[in-house]
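So the chains spell out like this:
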Amino acid sequence: MQYTQVTDAQVSEMLETIGAESIEELFSPIPDKLRTKGDLNIPKGVSELELLRDTESLAGRNHATGELISFLGGGAYDHFIPTVVDAMSGQSELLTAYTPYQAEASQGVLQLFYEFQTMICELTGMDVANASLYEGASAAAEATLMAINITRRKRVVIAETAHPDTVSVLRTYLAQQDVELATVQVGEDGCIDSQSLSAKLNGETAAVIVQSPNFFGCIERIDRLIPMIHEHGALAIVSTDPIASGLLKPPGTFDADIVVGEGQALGIPLQYGGPYLGLLAAKEKYLRKMPGRVVGMTNDLDGRRGFCLALQTREQHIKRERATSNICTNQGLLAMRASIYLATMGKQGIAAVATQCFDKSHYAATSIAELDGYELAFDAPFFKEFTVRTTKSVDKLLSVCRDSGILGGVALSRFAMGLDDCFMVAVTEKRSKQEIDALVEMLGAI
Amino acid sequence: MTTTTTKREVGQTPPKQVAPPGRKPELKTKASYSTTGDHPLLFELGAPGLCGSGLPVSDVPNADRTTNLPVEMLATSLPALPEVGELDVVRHYKRLAHRCFSIDENFYPLGSCTMKYNPRINERVAFIPGLANLHPYQSDSDTQGMLELLYRLRCDLQEISGLPEVTLQPAAGAHGEMTALMIITAYHRSRGEHRTKVLAPDSAHGTNPASCAICGHKAVTVKSKPDGRVDLDDLRAKVDQDTAAFMITNPNTTGIFDEQIAEIAEIVHAKGAQLYLDGANMNAILGITRPGDFGVDCMHFNTHKTFSTPHGGGGPGAGPVGVAEHLRPFLPVPQVIENGNGSFAWCDDREKSIGKVRSFFGQVGVLVRAYAYIRSLGCDGLKDVSQKAVLNANYLAAKLKERFNLPFPGPYAHEFILIPDFAGDGVSENDVAKRLIDYGIHPPTMSWPIHHCLMIEPTETESKRTLDNFVDVMNKIADEVAENPSIVKNAPHTMPVRRLDEVAASRKPNVRWKA
């Protein structure tokens, strides 16, 4: 398959205009000794039909959610996606638009991102939000760099109740900086041990990163933790699940300084881990320290309402090494999906999703905890995911479930955190009572 | 000024539609609904109680909120999300779509951004359920097809770069640069060296110095010569034992393949520094020359440029990074591997790795599209891409230089620099760019890498007819400047809005709607 559309006759004509004998001549600046001799060791091109056969055959060797009933979570969730999300985000005017640097020719996507920012502010309870970052973990790392920049302090604390990838990515980013990273261990109840946190805080602490609902599904008492963090003049960065605000007060209510999150739950397919959607929202006073693109409302020469990229002097293409971040390409298409999802579900829909996640996960947890050999690993309240401890082999029971077409949960052994007898179960609004009962029955039979 | 009534007629000023923020838009005729004036925000549509989607009635008992949740955490009100019916949601996004330029509708000669056609088939492939609906924590045995796809892509990118190992983890070009600099830093540290400087030419993308800053390095600028090539004397003067890397884009942003590249590599390596290639301009050299063969130690790809994955109004991209042998131990985890028995897996086992740079396994959905593109084109098609990209650029340049100033001599790679010399008429490059919008052409990259310029990259997927039309339009604009410069200075005239007050948008930012 080729997507060029110049004929041989046109090539000759064009070369004549250029004054070159051959296309080859146009590559004369590349010294011969550096030229690739012969073809690359890549198969020759194929037709569309052959490509479909190839990729469908690869896909056929996978067993995806949909074919399997999924109780997997750990940061990526099988939520329902209304048809409108695919239909509207698939419009090629949106799909194939460039970054809206030319505002007059980009009012559609600019308005869309402005609406996205507004809805993220609503879901996080914050004043301002940007137009997206890569995904949840790097969003937490960007927020941390932002907090270091704001406070001019060189010490950061993260609770190990956060997603292990968030901790790992933050460690990778901070290894480049002259910044100390301290961790707070998981308490008995599955939440941050507040005494342990208190011991890690001091006047040098730039920020504390808390995830709630946390990796284990537990709801952290950010209403108590944030005042502790603020006592030391540190910033509170809360990583959250945007769906949770259909049931719980958003982090902004408790005076969080920066809120980040993984936005995958907002209408984005699982896609084996990406592309997802990094969310970042903050207090208004930190707007000029935020990373990433921000869209603002303004007026045109005739006083008409319009939109454009705002505060670009924070960004790399203007400020270069003094930019607030190096990010350029963001997750525009995923922010569009999230916007369309939120517009479609709306206020009532988000509440319904959150409530059903809560009810169904509690129904599942209660049923599993009644089985012999199973108990809830932690006492803390949870939202849509919970951690089960078992006397049985986790690997074996998950494999038995899988053989019956159920992805029963995420084994914590894969994270090497000393919880090898535990697995996490996520229950979204998509799971029916029948599916939950099937999981419970299977676990009981092992 | 023309007097026709078609809505897209160039030069026509639409009737004034003054609508201060927040007030109700006026009634519009059908023809102008999508494209003129402002359009209601989501929050101005709908009515309390409306919802665009429904869930099945819950079939489990309600869990008691007050016993299962701390009362202090329980929401007392819902987030003020829109309340709009499904049809109005659809119309809203349809109308927003009408208010965008896109590669499917417009020519986008946007230098260094490689706005080529995004083949439809790649979207179809990305949404095959067996690829799109995999959960990242499914077992390797359930994901063998995906792992093989990613492994094949990894091998293809290794072959294209001429480098022995590629990681698929970075999320975008800038993220790839950052990852690469982390790898280079880890390499120097492993040799007991703490090098603090990173050099880049003055024509480098802004992400280069910004990525240096994230990695705690000092960005140092190396001068370019008047012909756009690296000033080797300045490079020699600045590269030293404290230099971690020299970041180069080749072909560079003036559209020139810097044939000094082998010598540059020698100068850089002589001081123990690493040569990094910003792969933004790979579209000019696929199958023609390989970075690994011209002395590059480390590079990133931009899948959304070279391999045609859609831009989506700003992203997503993916930024795979390739490295030479000595940098392999430091690559991020996880890596997709072949087990030797025809099965595939993720491998975290890399003792000196810089760690994880992103959650899960990278921008997989984007990588699937890149795989589909590379497989479609194959070795023959990829080479044809670069040949036609370079042909198209040189053809456009040849036609445009009859009337415009092209400050750097050709032959060019896939892009070139043009300076519209209209300062005498008070017309800037920005005015020309805005006037192009009226002719349905997305403006080229502006005012960079040199002042007052346009950076023009037609890409290989455009037809001769489109290129000829662009030349005609540029000539027409030059005529307009001579005859009636105000039509250019006040452009665009055909968009839903006229020029926007970007200064006010930054001085008094309004970045969210408040009822």
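Residues numbered from 1 in each chain as written. Chains lettered and ligands numbered in written order. Predicted model: local features only at pLDDT ≥ 70, side-chain atom pairs only at ≥ 80, totals over all residues. Heavy atoms only, no water.

1. With respect to the confidence of the model for chain B
Thinking step 1. Taken as a whole, chain B shows an average pLDDT of 92; of its residues, 93% reach a score of 70 or greater.
Thinking step 2. Contacts for the low-pLDDT stretch residues 1–25 of chain B, under 50 throughout, to residues beyond four places or in other chains number 52 contacts. (pLDDT = per-residue confidence, 0-100. Contact = heavy atoms within 4.5 Å.)

2. So, a negative patch on the surface
Residue and element names in this part refer to chain A.
Thinking step 1. A cluster of like negative charges, contributed by Glu188, Asp189, Asp193 and Asp379, occupies part of the molecular surface.
Thinking step 2. Mapped onto the elements, Glu188 comes out in the loop between strand S4 (180–184) and helix H9 (194–200).
Thinking step 3. Exposure remark for Glu188: the relative accessible area of 79% places this residue in the exposed category. (Patch = residues over 30% accessible without salt bridge, like charges linked within 9 Å, V, L, I, M, F, W, Y side chains within 5 Å. Areas by Shrake-Rupley, 256 points an atom, 1.4 Å probe, with all protein chains shown as cover. Salt bridge = Lys/Arg side-chain N within 4 Å of Asp/Glu carboxyl O. Lys, Arg positive; Asp, Glu negative; His and termini not counted. Charge placed at Lys NZ, Arg CZ, Asp CG, Glu CD. Helix = DSSP H or I, 4+ residues; strand = E, 2+ residues; numbered from the N terminus. Buried < 20%, exposed > 50% of the residue type's maximum accessible area, 1.4 Å probe, protein only.)

3. As for unusual backbone geometry
Thinking step 1. At the junction of Asn250 of chain B and Pro251 of chain B, the peptide bond is cis and its omega measures out at 0° in the coordinates.
Thinking step 2. Structurally, the position occupied by Pro251 of chain B is in the loop between strand S4 (243–249) and helix H9 (261–270).
Thinking step 3. The phi angle at Gln271 of chain A is positive, at roughly 45°, despite the residue not being glycine.
Thinking step 4. Here Gln271 of chain A lies in the loop between strand S7 (258–262) and strand S8 (278–282).

4. What about the packing of helix H1 (residues 8–18) of chain A against helix H11 (residues 364–400) of chain B?
Thinking step 1. For the pair H1 of chain A and H11 of chain B, the least separation of the axes is 8 Å and the interaxial angle reads 45°. By the angle class used here, H1 of chain A and H11 of chain B are oblique. Both H1 of chain A and H11 of chain B take part in a crossing whose hand is left-handed. Two secondary-structure elements touch here, H1 of chain A through Val11, Met14, Leu15, Thr17 and Ile18 of chain A and H11 of chain B through Lys388, Leu391, Asn392, Asn394, Tyr395, Ala398 and Lys399 of chain B.
Thinking step 2. Classifying every residue of the contact of H1 of chain A with H11 of chain B by side-chain character gives 7 nonpolar, 3 polar and 2 charged. (Axes fitted to C-alpha atoms, helices over the stretch in contact; angles between N-to-C directions. Parallel < 35°, antiparallel > 145°, perpendicular 65-115°, else oblique. Left-handed = near helix turned anticlockwise from the far one by under 90°. Nonpolar A, V, L, I, M, F, W, Y, C, P; charged D, E, K, R; others polar.)

5. Concerning empty space enclosed by the protein
Residues and elements named next belong to chain A.
Thinking step 1. Taken as a whole, this structure holds 5 cavities of 30 Å³ or more when the rule is applied.
Thinking step 2. Reported here for the largest cavity is a volume of approximately 350 Å³.
Thinking step 3. As for the largest cavity, its lining consists of 26 residues, of which Gly75, Tyr77, Gln211, Thr240 and Glu262 are closest to the centre.
Thinking step 4. Only helix H7 (136–151), helix H8 (164–174), strand S6 (235–240) and S7 provide two or more residues apiece to the lining of the largest cavity.
Thinking step 5. Mapping the lining of the largest cavity onto the domain boundaries places at least three of its residues in each of domain 2 (69–81 + 347–445) and domain 3 (83–341). (1 Å grid on protein atoms, 1.4 Å probe; cavity = no way out; pocket = protein on both sides within 12 Å on 5 of 7 lines; lining within 4 Å. Points joined across faces, edges and corners; volume = space filled by probe spheres on them. Domains from an automatic or database assignment.)

6. Digging into the sheet that holds strand S2 (residues 128–129) of chain A
Residues and elements named next belong to chain A.
Thinking step 1. The strand order across the open sheet formed by 7 strands is S2-S8-S7-S6-S5-S3-S4, and the pairing between neighbours is mixed. Pairing within the sheet leaves two strands with one partner each, and these edge strands are S2 and S4.
Thinking step 2. Across 4 bridges, S6 lies against S7 in parallel orientation. Opposite Thr240, over in S7, you have Gly261 as the bridge partner.
Thinking step 3. In the packing of helix H10 (residues 222–231) onto the sheet, contacts are made with strand S5 (205–211) and S6, and the angle to S6 comes to roughly 150°. (Pairing = 2+ DSSP bridges.)

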